[in-house]
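# Summary of structural features
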Amino acid sequence: QVQLVESGGGLVQPGGSLRLSCTASSSMFRRYAMGWYRQAPGKQRELVATISSDGRTNYADSMKGRFTISRDNVKKTAYLQMNSLKPEDTAVYYCYVRDLEVWGPGTLVTVSS
């Protein structure tokens with residue numbers, strides 16, 4: 001069973017940046033499609049971005065141009081670089097192994113001055 005460790009969340013001012021990391025304890029990582037989702041207070045969980053095993057990416061429209069998903073198959077880590085953060089980006093961000101339907105524990109991102 002793959003285990004996910006997330007890091008990088010925290011408090012950031014509007015316009016700032018954060019980089020989230022998700023490291024998987026699986027030798028099969030390179031085969032997995034990965035994703036980042038988020039859930040803001042009082043809202044449904046929503047897709048942020050996905051990345052396929054060969055590096056193809058997709059983004060929700062509201063994140064396109066500000067967020068970048070990437071992966072390092074040697075480090076078995078997926079990343080979410082978040083720039084130009086807005087208060088409405090405040091949410092718990094979850095890493096997701098799409099092939100296995102496994103969620104990370106979530107990391108809180110708070111965008112506030």
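Because the structure is a prediction, the values reported are computed rather than measured.

Another aspect to go through is the overall build of the chain. Helices and strands together make up the secondary structure of the chain, namely zero helices and 11 strands. In sequence order, the secondary structure elements of the chain are arranged as β-β-β-β-β-β-β-β-β-β-β. In terms of overall dimensions, the chain is globule-like: its C-alpha atoms have a radius of gyration of 13 Å, near the 13 Å expected for 113 residues. Judged by the C-alpha coordinates and their principal axes, the chain covers about 40 × 25 × 25 Å. Split into buried and exposed, the 113 residues of the chain put 44% on the buried side. For the chain, the share of sequence-separated contacts (at least 6 apart) that also reach a separation of at least 24 residues comes to 53%. Roughly 6,100 Å² of accessible area belongs to the chain as shown, and the carbon and sulfur atoms make up 45% of that amount. Within the chain, the 9 negative side-chain charges are centred at a point lying 4 Å from the centre of the 14 positive side-chain charges.

Attention now moves to the pattern of salt bridges. Across all of its chains, the model carries five salt bridges by this definition. Its salt-bridge partner being D89, residue R38 comes within 2.9 Å of it at the nearest N-O pair. In this pair, R38 sits in strand 4 (residues 34-39) while D89 sits in the loop between strand 8 (77-82) and strand 9 (91-97), placing the two residues 51 residues apart along the sequence. A relative accessible area of 7% means that R38 is categorised as buried. For D89, a relative accessible area of 1% puts it in the buried group. Across the salt bridge formed by D54 and R56, the nearest N and O atoms sit 3.0 Å from each other. For the pair D54 and R56, a shared accessibility class is recorded, and that class is exposed. The network of salt bridges with shared partners includes R38, E46, R66 and D89.

Along the chain, the position of T77 falls in strand 8. Separated by 2.9 Å, the side chains of T77 and T23 make a polar contact. Within the local environment of T77, its side chain forms a polar contact with the backbone oxygen of K75, the two atoms lying 3.0 Å apart.

Turning to the nonpolar core, a few remarks are in order. In this structure, M34, W36, L80, M82 and Y93 are the most contacted members of the largest nonpolar core, which totals 30 residues. Elements supplying a minimum of two residues to this core: strand 3 (18-24), strand 4, strand 5 (46-51), strand 7 (67-72), strand 8, strand 9 and strand 11 (107-111).

Cut-off values and rules
Residues numbered from 1 in each chain as written. Predicted model: local features only at pLDDT ≥ 70, side-chain atom pairs only at ≥ 80, totals over all residues. Heavy atoms only, no water. Helix = DSSP H or I, 4+ residues; strand = E, 2+ residues; numbered from the N terminus. Rg over C-alpha atoms; globule rule 2.2 N^0.38 Å. Buried < 20%, exposed > 50% of the residue type's maximum accessible area, 1.4 Å probe, protein only. Contact = heavy atoms within 4.5 Å. Areas by Shrake-Rupley, 256 points an atom, 1.4 Å probe, with all protein chains shown as cover. Lys, Arg positive; Asp, Glu negative; His and termini not counted. Charge placed at Lys NZ, Arg CZ, Asp CG, Glu CD. Salt bridge = Lys/Arg side-chain N within 4 Å of Asp/Glu carboxyl O. Polar contact = N/O pair within 3.5 Å; in protein donor to acceptor, adjacent residues only side chain to side chain. Core = buried A, V, L, I, M, F, W, Y, C linked by side-chain atoms within 4.5 Å.

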